[in-house]
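Per-entry structural report
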Amino acid sequence: MKIRDTAHGWLWLASLLLASTVSGAEEPLATAVRLEVFPDRIQIDHGGDHPRVIVVATDATGLTRDVTAEVSVTVRGEVVTWDPEGRCHPRQDGEGQLEVRLGELRVEVPVVVQDAARPRAASFHRDVLPVLTRAGCNGGACHGSAAGKNGFRLSLFGFDATEDHRRLTRELRGRRIDPAVPEGSLLLTKATTRVTHQGGQRLQEASPGYDTLLRWIADGAQRDAPERGLLVGLDVAPAQLVLGGPDWKQQLVVRARYADGSDRDVTDLALLSSSNDESAAVSADGQVTSGRPGEAYVMARFGTLAEVSQVLVLADSAAAIWPDVPELHPIDAFVHDKLKKMRQVPADVCSDEVFLRRVSLDVLGLLPTAAEVTTFLADTAPDKRASLVDSLLGRPEFSDVWAMQWAEVLRVESERLEPKGMYLYTQYLREAFARDVPIDQLVRDLLTSQGGNFTQPAANFYLTERDPKSIAENVAQVFLGIRIQCAQCHNHPFERWTMDDYYSFAAFFGRIGTKRAEDPRETIVSTRGSGEVRHARDNRVMPPKFLGGAVPEIARSADRRAVLAEWLTSPNNPWFAANIANRVWARFFGRGLVEPVDDVRVSNPPSHPELHRWLGRRLVETGYDLRALIRDITASRTYQLAARPDELPSSAYAKAPVRRLSAEQLLEAIGRVAGVPTKFRGLPLGARATQVAGGRSNSYFLDTFGRPRRTSPCACERRSEPTLGQALHLINGPTVERKLRAKSGRLQRLLASEAPDGVILEDLWRAAYARSPRVDERERWLAELAAAPDRASMLEDLFWAVLNSKEFLFNH
């Protein structure tokens, strides 16, 4: 049998003719083909370091299993001892090896021990703060809240260690600790409820956390040097699991890495949570238990860092045989690799009719006309789908759609912008997409814009928000997909961003100035020679610093924004290209690989990390060409899949997502089927909903169906969930009724022409569904119309039924 490595590094059997299904926790794992030990190198730095070691076996079908209790372990070098629970205990300094065996599989793990005879003193940074965090003492619902609790306040999740140490040891004359009688310290008696504690019991006496606090107090409650406890990395192992049914169990191990080169098992100190408890629940000590089929990410949070482990849970009956599914594009390989692990086969490719309707709505926001349907279906060229996409990308409606998409997150609306500036800004975006301006160039032009907002419309970018902190938040969220708002008041609880990062990033925008032009309606944006951003806690002047990067050297006379723009749009920026590509992907699938698209963080990883990176690299390779990326996406088999009913999550991309038409798409679709365009205030008859500038459309329909008001840069402002108001408006509202009864509309024209019922059905079905009626539909409606006493009323009811049908209201 032939075995190969997938892009994820998992083994997959290319051809498995005979396979028995693994089902339930009691079933044995099929013959293991790979054995892994975590960590793959053991470093013990003191006598109190007892790291946990776990062993995972992978079988030929990709299933993983915790076999720590089943392996035989031989210690070479006698520097450690091994206990049955899977922990190493130091014996003496030196180097050695663990030889781990399972059947014929063998793995050697190097072991290094130093200071085995020295018990390390309790560290305030490494030990005390993590214990308080694990116990919940410095959480937002307890003493970590802004006002603290009952006169005692800690920084949220320990981000301000200096102030926490002062409050614990100096505040209220040091009454919270007692080095003379450590066990009588209020910090311990409250936490164990020996003294009444409103927060309840947080620690058990003689527990590891209790003992840590007791040792620290007994040693004088010292604060060690911060650099000794500087956390630089966090690892969760195994990083990926594939479990073969319910009630499978797998232990995780969490290790922290520090600036001094040491590392440590912090599984018992980390905060662990699952993104999907129904599929994979995790206990406080790091044991994962599988449930219903699905996907989950288990997040470990320790100190200022977070990391995740991906867990796939398969159904008991999931077949291990992967059929010969063609890959039309490199995108498909990434999607198929994950589906193989999930033992799920993708749907078939959709029909030409479905593809035409789907891609027309996604690219143009419009239904294809009946004539376009006829032409496309009659085309016999093998590359007609690619040719169709090319033709759609060249139409002006494409620019309208993407100008609207960007106007939403750039907050192009009339409450913050003067109306003329708002219209000019919208037109500027539309022309940029029409001219195929590369996305990186467009973003650089926005970030470095200056001048009058009428003569230089890009300058409106700095008029929707004028506070440097708000501008920085918007830039990070829109262009990098990163939300840094939390770090304005405290270090981000789930990410790497600190308050220093926040205010240093805002410093890039501290010198933006504005003044009135000769036309009092116009505002001039300029760069001032001075202007600094100060830290909220200590009033320090913060130097400009890239997010997650270095402090750049900026000449005194240079524009800080230009330096930022070059870094932000650089191909080496780890977020920009991937974020833009993810937003484009979301347009065509209804969700991003990272979802929400503007919430990139470790605890919210991409559903397909390799594909996420590939799309970003592909965007860079094409010169940030939006149309080229869309050609890639629409050429993939993944985009061209048919919809099907099953319980697989949409993030698996095993089928076409069923998406309700957006507000603009639906209004245009109703108008196109009815043959009556919508008149928008300030625009000529025939203008499309995507051409409406600003967040206030003055359209009840658009507001009801979720068009955003553009009050924030968040993608969540656009709503797609159905509501009762929407249903009532489609059933009884004036939009459908007026268009059906308009004398110039499709229904009245067909009645006046005395067209046969069969012709009317064909015309209506092609306009609404981009297909001809099925035989059963044709027979039913021809019979209904023939038997109707009032043919005109029956045809109106038919039009109404079509416009309220699921097939019409959804893109599938």
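Since this is a predicted model, take the numbers as computed values, not measurements. (Residues numbered from 1 in each chain as written. Predicted model: local features only at pLDDT ≥ 70, side-chain atom pairs only at ≥ 80, totals over all residues. Heavy atoms only, no water.)

1. Examining the pairing of strand E24 (residues 523-527)
Of the pairings in the sheet, the one linking strand E22 (residues 451-452) to E24 comprises two bridges and is antiparallel in character. Opposite Gly451, over in E24, you have Val525 as the bridge partner. What sits between strand E23 (residues 512-516) and E24 in their antiparallel hairpin is a turn of six residues. (Pairing = 2+ DSSP bridges. Helix = DSSP H or I, 4+ residues; strand = E, 2+ residues; numbered from the N terminus.)

2. Some thoughts on the pattern of salt bridges
Should the charged atoms of two oppositely charged side chains come close, the side chains can pair. In total, this model carries 63 salt bridges according to the counting rule given. With a closest N to O distance of 3.3 Å, Lys545 and Asp501 form a salt bridge. Residue Lys545 is found in the loop between E24 and helix H15 (560-568), and its partner Asp501 is found in helix H14 (residues 499-506); the two are separated by 44 residues along the sequence. Of the charged contacts in the structure, one is a salt bridge between Arg766 and Glu762, with a shortest N-O distance of 2.7 Å. Of this pair, Arg766 and Glu762 both sit in helix H24 (residues 757-769), four residues apart, which is roughly one turn of that helix. Classification of Arg766 by relative accessible area gives buried; the value is 16%. Through salt bridges with shared partners, a single ionic network connects Arg76, Glu99, Arg101, Arg106 and Glu108. (Salt bridge = Lys/Arg side-chain N within 4 Å of Asp/Glu carboxyl O. Buried < 20%, exposed > 50% of the residue type's maximum accessible area, 1.4 Å probe, protein only.)

3. Looking at the environment of Ser279
If you trace the backbone, Ser279 turns up in the loop between strand E17 (271-274) and strand E18 (280-282). Of the residues examined, Ser279 reaches a relative accessible area of 1% and is grouped as buried. Setting aside chain neighbours within four positions, we find Ser279 in contact with Thr289, Ser290, Gly291, Arg292, Pro293, Gly294, Glu295 and Val313. Polar side-chain contacts of Ser279 include one of 3.1 Å to the backbone oxygen of Arg292. (Contact = heavy atoms within 4.5 Å. Polar contact = N/O pair within 3.5 Å; in protein donor to acceptor, adjacent residues only side chain to side chain.)

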